[in-house]
Amino acid sequence: MHILRALMGTSIVASTTLLAGAAAAWDGADLWYKQAEGALPGGGGILGTGSASDHGITCAHCHTNAAGMIDLQFTFTPTLPLVGGQPTYTPGQSYQVDVKLTGEHLGTGVCDQYMTHVNNFAATFEGDSGKLAGVLSSDSGQTSSSCPPNVPMLPINGTTVLYNDCRAVLASGGEDRTTWTFSWQAPPAGAGTLTLFYGVVDGDCDMSSRGDDVKVGTLKLGEASASLSPPGNSRWAMALASLVPLGLIAARGKRRKQAPRE
Amino acid sequence: MLPALDMEYYKCKVEPIVDRGCSMLGCHGAETGRAYKVYARGRLRRKETVSQVPTCPIGPQQVDLADEGTGTVMCVGWSPHTPMEWQENFDNARSFMLGLSDPEESELLQQPVVGGKPHAGVHLFQKSDADYQTIKAWLGGATLGGTCDPGAN
């Protein structure tokens, strides 16, 4: 008997402060890096964000024929001010990032006894180098600056995880979750414009990557110059950002609890 | 006639690369619409009747692998490649050497390599990467020198 987990989907929804596209992911926190040909086939380290480090592969490459009804919303605290219509980050600034799936429409009923409803997402920030820009931290205790090799022991006390190469923040699994939280410390000055790559999957109860809904997307983040340093979470910034939704992401997925494989 | 390449090398060295990077259902894990097709566990499974895994609590004894096993690692989707899946994967991959003598002219390398053909924007490796070199060696006639044990695959 093995603990079975299903592929999951993810999507992203835009929010008033900062909204982007979405992507999909796996439902078990350990599946992201498991070998694709292994005993329990996993993603082999392809995390589906669509970034350069994922070779441009997104959640939608596995979760096909998505209905396109979900979205994903990112809220940065402090807010990313808009400069010339583009959200900007302050070099070195630490941000809490709250992610919310919207439009979930699959698997909202009761799955059968072998299934668990899990929504997931993955996200990363990259510059032109195709490498992680800045420092990611999960809300379950890992950080990319001190990256643990293995997935955290269960139960994971948080909505997100980082492990292995820590180049993307990943949903930690968990049933019926539609929100995730992580932190991002922007890189030092000079990194230039960065891209937030993300994906979310809204899974159903069939434990298959078929039939899920998916959203993948990107969001460009400009680097604030000294003269344009963002006013943090000032009312001005929040008010301005709230007027210009930039994107949406939503994600979810489902997985089975335990089911015999062999 | 397909090139006489080594099936054992393919199973142990090449298949893990294409399972990981090529076999997604929206990519080469598709029965139609692609010049290259890969069957992989958890992704596309072949249309054939197989026995359900004995510990699966659901379903009949004989099931359609494609219907029940595609896109999932549950039950029969977890089962190893069938002999026909191995053969078709092997044949599909080695067919890229038809009429060629230089592996680097093969679409199996030219499409996914960074700096290669467009390939829908998906590029998996550099020419210096181990995956590229492994596929190149196999297309060039490398042999495993023994029988491959693919494990659960």
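Residues numbered from 1 in each chain as written. Chains lettered and ligands numbered in written order. Predicted model: local features only at pLDDT ≥ 70, side-chain atom pairs only at ≥ 80, totals over all residues. Heavy atoms only, no water.

### As for the overall build of chain A
Alright, step 1. The helix and strand tally for chain A stands at 1 helix and 13 strands.
Alright, step 2. Each helix and strand of chain A, placed in order from N terminus to C terminus, yields the pattern β-β-β-β-β-β-β-β-β-β-β-β-β-α.
Alright, step 3. For chain A, the proportion of its 262 residues judged to be buried stands at 60%.
Alright, step 4. Summarising the internal contacts of chain A: among those between residues at least 6 apart in sequence, 75% fall at separations of at least 24.
Alright, step 5. Total accessible area on chain A stands at roughly 9,600 Å², and carbon and sulfur atoms take up 52% of it. (Helix = DSSP H or I, 4+ residues; strand = E, 2+ residues; numbered from the N terminus. Buried < 20%, exposed > 50% of the residue type's maximum accessible area, 1.4 Å probe, protein only. Contact = heavy atoms within 4.5 Å. Areas by Shrake-Rupley, 256 points an atom, 1.4 Å probe, with all protein chains shown as cover.)

### Section: the interface of chain A and chain B
Alright, step 1. Taken residue by residue, the interface counts 33 residues in chain A and 32 residues in chain B.
Alright, step 2. Surface buried jointly by chain A and chain B totals about 2,700 Å² across both partners, of which 60% is contributed by carbon and sulfur atoms.
Alright, step 3. Seen at the junction of chain A and chain B, the total is 0 salt bridges.
Alright, step 4. Counted by class, the side of chain A that touches chain B contains 14 nonpolar, 12 polar and 7 charged residues. (Buried area = accessible area lost by both parts, 1.4 Å probe. Salt bridge = Lys/Arg side-chain N within 4 Å of Asp/Glu carboxyl O. Nonpolar A, V, L, I, M, F, W, Y, C, P; charged D, E, K, R; others polar.)

### Some words on the packing of helix α1 (residues 7-21) of chain B against helix α3 (residues 83-94) of chain B
Residues and elements named next belong to chain B.
Alright, step 1. The geometry of α1 relative to α3 is characterised by a closest axis approach of 10 Å and an angle of 85° between their N-to-C directions. Our classification of the angle between α1 and α3 gives roughly perpendicular. Counting all contacts with α1, which are made through Met-7, Tyr-10, Lys-11 and Glu-15, the residues of α3 involved are Trp-86, Gln-87, Asn-89, Phe-90 and Ala-93.
Alright, step 2. Partitioning the contact of α1 with α3 into residue classes produces 5 nonpolar, 2 polar and 2 charged. (Axes fitted to C-alpha atoms, helices over the stretch in contact; angles between N-to-C directions. Parallel < 35°, antiparallel > 145°, perpendicular 65-115°, else oblique.)

### Here's the deal with the nonpolar core
Residue and element names in this part refer to chain B.
Alright, step 1. The biggest cluster of nonpolar side chains holds 30 residues, and the ones touching the most others in it are Tyr-10, Tyr-36, Leu-108, Ile-135, Trp-138 and Leu-139.
Alright, step 2. Every element with two or more residues in this core is listed here: α1, α3, α4 (107-110) and α5 (130-139).
Alright, step 3. Sorting elements by how many residues they give to this core places α1 first, with 6 residues.
Alright, step 4. Residues within four places of Tyr-36 in sequence aside, it is in contact with Tyr-10, Val-18, Cys-22, His-28, Asn-92, Ala-93, Phe-96 and Leu-108. (Core = buried A, V, L, I, M, F, W, Y, C linked by side-chain atoms within 4.5 Å.)

### Considering α3(B)
Residues that lie three or four places apart on an α-helix share one face, since the helix turns once every 3.6 residues.
Residues and elements named next belong to chain B.
Alright, step 1. Under the 1.5 Å per step criterion, the end-to-end length of α3 is 16 Å for 12 residues, consistent within 8% with the ideal 16 Å.
Alright, step 2. For α3, every residue scored as buried is listed here: Glu-85, Trp-86, Glu-88, Asn-89, Phe-90, Asp-91, Ala-93 and Arg-94.
Alright, step 3. Residues of α3 that are buried make contact with α1, α2 (65-69), α4 and α5. (Expected span 1.5 Å × (residues − 1).)

### With respect to unusual backbone geometry
Trans is the prevailing form of peptide bonds, just as negative phi is the prevailing case for residues other than glycine.
Alright, step 1. With omega at 0°, the peptide bond leading from A:Thr77 into A:Pro78 counts as cis.
Alright, step 2. With respect to the secondary-structure elements, A:Pro78 resides in the loop between β3 (71-77) and β4 (82-83).
Alright, step 3. The backbone phi angle of B:His119 is positive, close to 50°, even though this residue is not glycine.
Alright, step 4. Tracing the backbone through its elements, the reader meets B:His119 in the loop between α4 and α5.
Alright, step 5. Since its relative accessible area comes to 22%, B:His119 is described here as partly exposed.

### Re the confidence of the model for chain A
All names here are of chain A.
Alright, step 1. Mean pLDDT over chain A works out to 79, with 76% of the residues at or above the 70 mark.
Alright, step 2. Under a pLDDT of 50 for its full length, residues 1-25 has, in the predicted model, 234 contacts with residues more than four places off or in other chains.
Alright, step 3. Confidence drops under pLDDT 50 across residues 226-262; counting only partners more than four residues distant or on other chains, this segment forms 206 contacts. (pLDDT = per-residue confidence, 0-100.)

### Observations concerning α5(B)
Residue and element names in this part refer to chain B.
Alright, step 1. Of the residues making up α5, those classed as buried are Tyr-132, Thr-134, Ile-135, Trp-138 and Leu-139. The buried residues of α5 occupy an angular sector of 165° when projected down its axis, which confines them to one face.
Alright, step 2. Taken together, the buried residues of α5 touch α1, α3 and α4.
Alright, step 3. In the segment just after α5, Gly-141 is the residue with positive phi, at about 110°. (Arc of directions from axis to C-beta.)

### Overview of the packing of aromatic side chains
Residue and element names in this part refer to chain A.
Alright, step 1. Tallied over the full model, the rule gives 14 aromatic pairs over all chains.
Alright, step 2. Each ring, one from Phe-74 and one from Tyr-198, has its centre 5.1 Å from the other, and the planes form 65°; the classification is edge-to-face. Linking Phe-74 in strand β3 with Tyr-198 in strand β12 (residues 194-202), this pair joins segments that are 124 residues apart in sequence.
Alright, step 3. Residue classification places Phe-74 among the buried positions, given a relative accessible area of 0%.
Alright, step 4. An angle of 20° between the planes, with centres 5.8 Å apart, marks the rings of Tyr-95 and Trp-184 as stacked. (Phe/Tyr/Trp six-rings, centres within 6.5 Å; stacked < 30°, edge-to-face > 60°.)

### Notes on the pairing of strand β5 (residues 86-89) of chain A
All names here are of chain A.
Alright, step 1. As paired strands, β4 and β5 are joined by 2 bridges and run antiparallel to one another. Its bridge partner lying in β5, Leu-82 is registered against Pro-87.
Alright, step 2. Linking β4 to β5, which pair antiparallel, is a turn of 2 residues; within it Gly-84 sits at a positive phi near 65°. (Pairing = 2+ DSSP bridges.)

### Regarding the layout of surface pockets
All names here are of chain B.
Alright, step 1. Looking at the largest pocket, its volume works out to about 410 Å³.
Alright, step 2. Lining the largest pocket are 22 residues, and of these His-28, Arg-34, Tyr-36, Gln-111 and His-119 sit closest to its centre.
Alright, step 3. At 3 residues, the largest contribution of residues to the lining of the largest pocket is made by α1. (1 Å grid on protein atoms, 1.4 Å probe; cavity = no way out; pocket = protein on both sides within 12 Å on 5 of 7 lines; lining within 4 Å. Points joined across faces, edges and corners; volume = space filled by probe spheres on them.)

### Structural notes on the pattern of salt bridges
Residue and element names in this part refer to chain B.
Alright, step 1. Taken as a whole and judged by the stated rule, the model has 13 salt bridges over all chains.
Alright, step 2. Measuring nitrogen to oxygen at the nearest pair gives 2.8 Å for the salt bridge that ties Arg-45 to Glu-85. Placement of the pair is Arg-45 in the loop between α1 and β1 (49-51) and Glu-85 in helix α3, with a sequence separation of 40 residues.
Alright, step 3. A relative accessible area of 0% means that Glu-85 is categorised as buried.
Alright, step 4. Taking the shortest distance from any N to any O, the salt bridge between Asp-64 and Lys-47 comes out at 3.3 Å. Residue Asp-64 is found in strand β2 (residues 62-64), and its partner Lys-47 is found in the loop between α1 and β1; the two are separated by 17 residues along the sequence.
Alright, step 5. The buried category is assigned to Asp-64, whose relative accessible area is 19%.
Alright, step 6. Here the salt bridges share partners, and the residues they tie into one network are Glu-31, Lys-37, Arg-46, Glu-48 and Glu-88.

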